[in-house]
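# Notes for the structure review
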Amino acid sequence: MRLIVHNMLTCNIKGVVNKFPLRIEAEKVVIKKEVDFNTDFLRHMLAKIEWKALVDGARSMGYTELPDHAPEAEESYSFLKKFHHALLELHLEEGSLVCQETGRKFPVEKGVPNMLLHEDEV
Amino acid sequence: MKATLAPSSLISLPRHKVSSLRSPSLLIQSQRPSSALMTTMKTASRGSVAVTAAATSSVEALREGIAEFYNETSGLWEEIWGDHMHHGFYDPDSSVQLSDSGHREAQIRMIEESLRFAGVTEEEKKIKRVVDVGCGIGGSSRYIASKFGAECVGITLSPVQAKRANDLAAAQSLSHKVSFQVADALEQPFEDGMFDLVWSMESGEHMPDKAKFVKELVRVAAPGGRIIIVTWCHRNLSQGEEALQPWEQNLLDRICKTFYLPAWCSTSDYVNLLQSLSLQDIKCADWSENVAPFWPAVIRTALTWKGLVSLLRSGMKSIKGALTMPLMIEGYKKGIIKFGIITCQKPL
């Protein structure tokens with residue numbers, strides 16, 4: 001699971017208010033360089049990404065290079081490289097996504113988050 | 001999953017689906033999930049759909065059964081038919097017997113025709129984010145992401161499918177655009193209003209609660225976004241008809257029994273659900289004639305040397321399922337089973 005996906009996932013347990021973001025507990029992180037560096041795409045994503053979730057997610061996966069805030073003005077090349085790495089190259093292979101409100105853990109196995117709810121959660 | 005029902009209840013209760021309708025060569029009839037789906041859909045009166053859930057654990061059993069089925073059979077389907085796990089779209093009455101590649105093209109055409117029917121094609125610049133509900137191994141997602149340059153997330157109950165879908169996306173350099181998760185279409189892990197296009201290609205059949213399914217599709221659709229549902233239905237009921245004729249229901253029950261399907265609904269039922277949720281521009285069509293060549297084609301691939309070997313490898317359940325395919329074709333020919341498309345737009 002990449003952080004670009006993590007930035008979209010919410011806890012869907014009934015009644016939960018604090019659904020996003022899910023906290024990451026990383027057990028196995030893999031660097032996957034499968035996506036080309038593309039500044040247009042990155043700038044497009046920058047406008048949509050929830051930044052704090054990205055920074056916290058990256059830290060949970062062992063990457064601490066991202067600034068606390070996204071740049072206001074023109075982004076530097078080095079910033080975009082870091083953004084690219086965090087967004088698209090950090091890959092959670094094994095671990096959990098944790099609901100901040102309930103503590104419920106959604107497993108991530110072989111890079112695939114499992115967001116299925118139990119009966120008592122719907 | 002350990003509970004079993006007495007034989008008499010096999011007839012009366014629609015049981016959960018363990019097999020895919022559209023890949024008869026891969027049909028697996030599992031005896032184990034005879035802990036049946038007890039969520040029943042009854043058309044109480046024309047146009048209204050009531051859902052009763054006898055035991056919620058049976059819904060989990062259904063989910064597990066669907067997941068296990070697709071975990072076991074997706075690889076086999078992909079080997080023979082490729083990464084689109086849906087019907088092809090054909091010109092009606094086309095008598096030409098198509099090659100394998102002709103059928104692949106027809107599967108692509110199904111996607112294109114669905115987009116066109118929904119009015120998406122003219123507005124493609126507006127499609128930025130797509131959800132593929134019941135995504136299989138991601139054929140539609142990757143196709144649509146490539147076509148529109150959109151981001152697409154797919155959800156499936158099958159971990160094997162999700163992994164395969166992600167691997168295929170990586171192989172096609174689409175990892176930044178498409179991703180796949182294990183999630184329930186009835187409880188989508190997304191915020192409200194997230195998607196410009198909500199896509200459900202032949203997954204509605206698996207949903208034990210059609211009303212909840214449709215509500216979730218609508219919830220995650222963005223204002224102004226479009227919803228496309230392509231699904232198997234039974235024929236619409238006529239004025240004054242409360243239910244299908246007994247002989248029609250019997251045919252469906254036999255199919256349900258073998259393929260473990262939840263109760264079917266009609267295209268009209270979907271339309272009514274969407275109307276009740278105040279969707280706009282609701283359209284529907286019967287594409288039964290446009291998919292007619294598909295089942296015979298699947299049977300033919302099952303009867304090839306490769307197909308037979310694969311079936312034998314899969315075991316008795318697949319073979320039994322394959323032998324039940326003629327019932328599906330019969331259902332179509334007698335006008336009981338319909339291949340429907342229902343599309344709409346969420347108000348701004």
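Residue numbers run consecutively from 1 along every chain, following the written order of its sequence. A letter from A marks each chain and a number from 1 marks each ligand, given out in the order of writing. It should be noted that, the model being predicted, local features are given only for residues of pLDDT at least 70 and side-chain atom pairs only at 80 or more, the latter also being counted only at that level, while totals for whole chains, interfaces and linings use all residues. Working from all heavy atoms in the structure, the side-chain values ignore hydrogens and water.

Chain B carries the name Tocopherol O-methyltransferase, chloroplastic isoform X1 in an unreviewed UniProt entry, which gives Raphanus sativus as its organism. The UniProt entry for chain B carries the following comment under Sequence similarities (unreviewed entry): "Belongs to the class I-like SAM-binding methyltransferase superfamily. gTMT family." UniProt positions are given in the numbering used here, feature names are shortened, and annotations may be inferred rather than shown by experiment.

Per an unreviewed UniProt entry, the recorded name for chain A is Multifunctional methyltransferase subunit TRM112 homolog B-like, and the organism is Raphanus sativus. A UniProt comment under Subunit (unreviewed entry) is attached to chain A, and it reads "Interacts with TRM9." In its Sequence similarities (unreviewed entry) section, UniProt records this for chain A: "Belongs to the TRM112 family."

### Considering the packing of aromatic side chains
Whether two aromatic rings pair depends on their centres lying within 6.5 Å, for rings of Phe, Tyr and Trp, where Trp uses its six-membered ring; planes under 30 degrees apart make the pair stacked, over 60 edge-to-face, and the rest tilted. One pass over the full model with this rule turns up 15 aromatic pairs over all chains. Taken together, a centroid distance of 5.4 Å and an interplanar angle of 10 degrees make the contact between Trp77 of chain B and Trp81 of chain B stacked. Taken together, the residues Trp77 of chain B and Trp81 of chain B, both in helix H2 (residues 56-81) and four residues apart, mark about one turn of the helix. The same class applies to Trp77 of chain B and to Trp81 of chain B, which are both buried. In this structure an aromatic cluster arises from ring pairing among Trp232, Trp264, Trp295, Tyr332 and Phe339 of chain B. To sit over a ring, a charge needs its Lys NZ or Arg CZ within 6 Å of the ring centre and within 35 degrees of the ring normal. It is Lys81 of chain A that lies over the ring of Phe37 of chain A; its NZ or CZ is 4.5 Å from the centre. The ring of Phe106 of chain A carries Arg104 of chain A above its face, with NZ or CZ at 4.5 Å from the centroid. What counts as a helix is a DSSP run of H or I of at least four residues, what counts as a strand is a run of E of at least two, and both are numbered from the N terminus. Buried means the residue's accessible area, taken with a 1.4 Å probe over protein chains only, is under 20% of the maximum for its type, while exposed means over 50%, and partly exposed covers the values in between.

### Considering the sheet that holds strand E1 (residues 23-31) of chain A
Residue and element names in this part refer to chain A. DSSP bridges decide pairing: two strands pair if at least two such bridges lie between them. Pairing is antiparallel across the open sheet formed by four strands, whose spatial order is E1-E2-E3-E4. For this open sheet the edge positions go to E1 and strand E4 (112-113), each flanked by a neighbour on one side alone. Where strand E2 (residues 90-98) lies against strand E3 (residues 105-109), four bridges are found, and the strand directions are antiparallel. Each bridged residue has a counterpart across the sheet, and for Ser96 the counterpart in E3 is Pro107.

### Details of the interface of chain B and chain A
Two residues qualify as a contact provided that any one of their heavy atoms is within 4.5 Å of a heavy atom in the partner residue. With 29 residues of chain B at the contact, the number on the chain A side is 26 residues. Put simply, buried area is how much 1.4 Å-probe accessible surface two parts lose in total, over both of them, once they are put together. Buried surface at the junction of chain B and chain A, both sides included, amounts to about 2,300 Å², of which 60% is carbon and sulfur. Whenever Lys or Arg places a side-chain nitrogen within 4 Å of a carboxyl oxygen from Asp or Glu, that contact is recorded as a salt bridge. Where chain B packs against chain A, one counts one salt bridge. Polar contact is the term for a pair of N or O atoms within 3.5 Å; when the atoms are in protein, one must be able to donate a hydrogen and the other to accept it, and sequence-neighboring residues count only if both atoms are side-chain atoms. At the junction of chain B and chain A, the tally comes to eight residue pairs in polar contact (both at pLDDT 80 or more). Of all the secondary-structure elements, those providing two or more residues to the side of chain B that touches chain A are H2, strand E4 (151-156), helix H5 (159-171) and strand E5 (178-182) of chain B. Across the side of chain B that touches chain A, the residue classes tally to eleven nonpolar, eight polar and ten charged. Amino acids are sorted into nonpolar (Ala, Val, Leu, Ile, Met, Phe, Trp, Tyr, Cys and Pro), charged (Asp, Glu, Lys and Arg) and polar (every other residue, Gly among them).

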